[in-house]
Amino acid sequence: MSNEKTNLAKHAADAANNKEKNTKYANASYSWQTFLIDFYRRVKQYYNFDFDSFMIMIVTVSHITHENYKDDPGIDGTYEDFIKGFKDVAPGSLSKRKLGINAISNILEMPEETTRRKIEKLIKQGLLSKSKTDGIVLSQTFVEKHFPFADQTAKNLGKLIRTFDKAGLLNAAKDFKM
């Protein structure tokens, strides 16, 4: 433990003496914070609901992504092929275990009744639907409704990654040890 504290203290002292690097880290940190603020703001603005509802949607997307690609050794197709995978989910093709309210509730550590109510609202908004064979799934129009938000998020993430790269943080993150 003492050795870890010494390493952290040395790292902090070295960082304090390197003003140029600190400016790059500060700019990268600011970019990260701005990315998060913008992301949360856009969720509320674009979907007109709370972040918990957005997370329910993301859990559903995650489930479908995992089920579509869990046995795939790699994605060889285009981005359009990947998106088409969300549109062309045949009933019963996802898994033997369907995604239910209880599973989403457990994943998000959210009360089951709250989860149920939010899912019902997402269904009414045309983002999710219920399937007897697969449980909670994306609606037929999900991709069209979600694409503008996802597209802007990808662009913002690209900008953030370029900022991190310019600050030398991508390589630093790969080599980081504590």
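An account of the accompanying structure is given in this report.

**Concerning the overall build of the protein**
Looking only at helices and strands, one finds eight helices and two strands in the protein. For the protein, buried positions account for 30% of its 178 residues. If you take every contact in the protein between residues at least 6 apart in sequence, the share linking residues at least 24 apart comes to 64%. With the model as given, the accessible surface of the protein reaches about 12400 Å², and the carbon-plus-sulfur share is 56%.

**Some points on the environment of phenylalanine 149**
The topology assignment puts phenylalanine 149 in helix H7 (residues 142-166). Using a relative accessible area of 3% as the deciding quantity, one classes phenylalanine 149 as buried. Separated by 103 residues in sequence, phenylalanine 149 and tyrosine 46 place their C-alpha atoms 7.2 Å apart. Phenylalanine 149 has contacts with Phe39, Arg42, Val43, Tyr46, Tyr47 and Phe54, leaving out every residue within four places of it along the chain.

**Quick word on the pairing of strand E1 (residues 128-131)**
Note: E1 against strand E2 (residues 135-138), four bridges, orientation antiparallel. Of the residues in E2, the one forming a bridge with lysine 130 is isoleucine 136.

**Observations concerning the pattern of salt bridges**
Throughout the structure, instances matching the rule amount to seven salt bridges. Between lysine 130 and glutamate 120 there is a salt bridge, with the nearest N and O atoms lying 2.7 Å from each other. Here lysine 130, found in strand E1, pairs with glutamate 120, found in helix H6 (residues 112-124); they are ten residues apart in sequence, far enough to count as distant. Look at glutamate 120 and you get partly exposed, because its relative accessible area is 25%. Through salt bridges that share partners, Asp38, Arg41 and Arg42 make up one connected network.

**Topic: H7**
Between the first and last C-alpha of H7 there are 35 Å, a value that for 25 residues agrees with the 36 Å anticipated at 1.5 Å per step. Along H7, the sharpest change in direction is near 35° and occurs at proline 148. Turning to H7, its buried residues are Phe142, Val143, His146, Phe149, Thr153, Asn156, Gly158 and Leu160. The positive-phi residue at the C-terminal boundary of H7 is glycine 168, with phi of around 80°.

**Digging into the packing of aromatic side chains**
Following the criterion strictly, the structure yields 14 aromatic pairs and no others. Seen in terms of ring centroids, tyrosine 47 and phenylalanine 54 are 5.8 Å apart; in terms of plane orientation they differ by 45°. Their pairing is tilted. Of the two residues, tyrosine 47 and phenylalanine 54, both sit in the buried class. Through successive ring pairs, a cluster of aromatic residues spans Trp32, Phe35, Phe39, Tyr40, Tyr46, Tyr47, Phe49, Phe51, Phe54 and Phe149. Geometry around phenylalanine 149 places arginine 42 over its ring, the cationic atom sitting 4.5 Å from the centre.

**Brief notes about the nonpolar core**
If you look at the biggest cluster of nonpolar residues, it comprises 23 residues, and the most contacted ones within it are Phe54 and Met57. Mapped by element, the contributors of at least two residues to this core are helix H2 (19-47), helix H3 (51-69), helix H5 (101-108), H6, E2 and H7. Among the elements that line this core, the one with the most residues is H3, at six residues.

Rules and cut-offs
Each chain has its residues counted from 1, running along the sequence as written. Whole-chain, interface and lining totals are the exception, using all residues; otherwise, since this is a predicted model, local features are given only for residues with pLDDT of at least 70 and side-chain atom pairs are given and counted only at 80 or more. The basis for the side-chain values is all heavy atoms of the structure; hydrogens and waters are excluded. Numbered from the N terminus, helices here are DSSP runs of H or I no shorter than four residues, and strands are runs of E no shorter than two. Here the term buried applies to any residue with accessible area under 20% of the maximum for its type, exposed to any over 50%, and partly exposed to those in between, with areas from a 1.4 Å probe on protein chains only. Whether two residues touch is decided by their heavy atoms; if any such pair falls within 4.5 Å, the residues are in contact. Accessible surface area values rest on a Shrake-Rupley calculation with a 1.4 Å probe, where residue burial reflects the displayed protein chains alone. Pairing between two strands requires that DSSP report at least two bridges joining them. Salt bridges, as used here, are contacts in which a Lys or Arg side-chain nitrogen is within 4 Å of a carboxyl oxygen on Asp or Glu. How far a helix is expected to stretch is found by multiplying one less than its residue total by 1.5 Å. Given a residue, its bend is the angle between the two axes fitted to the seven residues that end at it and to the seven that start from it. Classification of ring pairs rests on two measures: the distance between centres of Phe, Tyr or Trp rings, Trp counted by its six-membered ring, which must be within 6.5 Å, and the angle between planes, read as stacked under 30 degrees, edge-to-face over 60 and tilted in between. We count a charge as sitting over a ring when the NZ of a lysine or the CZ of an arginine lies within 6 Å of the ring centre and within 35 degrees of the ring normal. For our purposes a nonpolar core is just a set of buried Ala, Val, Leu, Ile, Met, Phe, Trp, Tyr and Cys residues, chained together by side-chain atoms within 4.5 Å.

These figures capture arrangement, not role.
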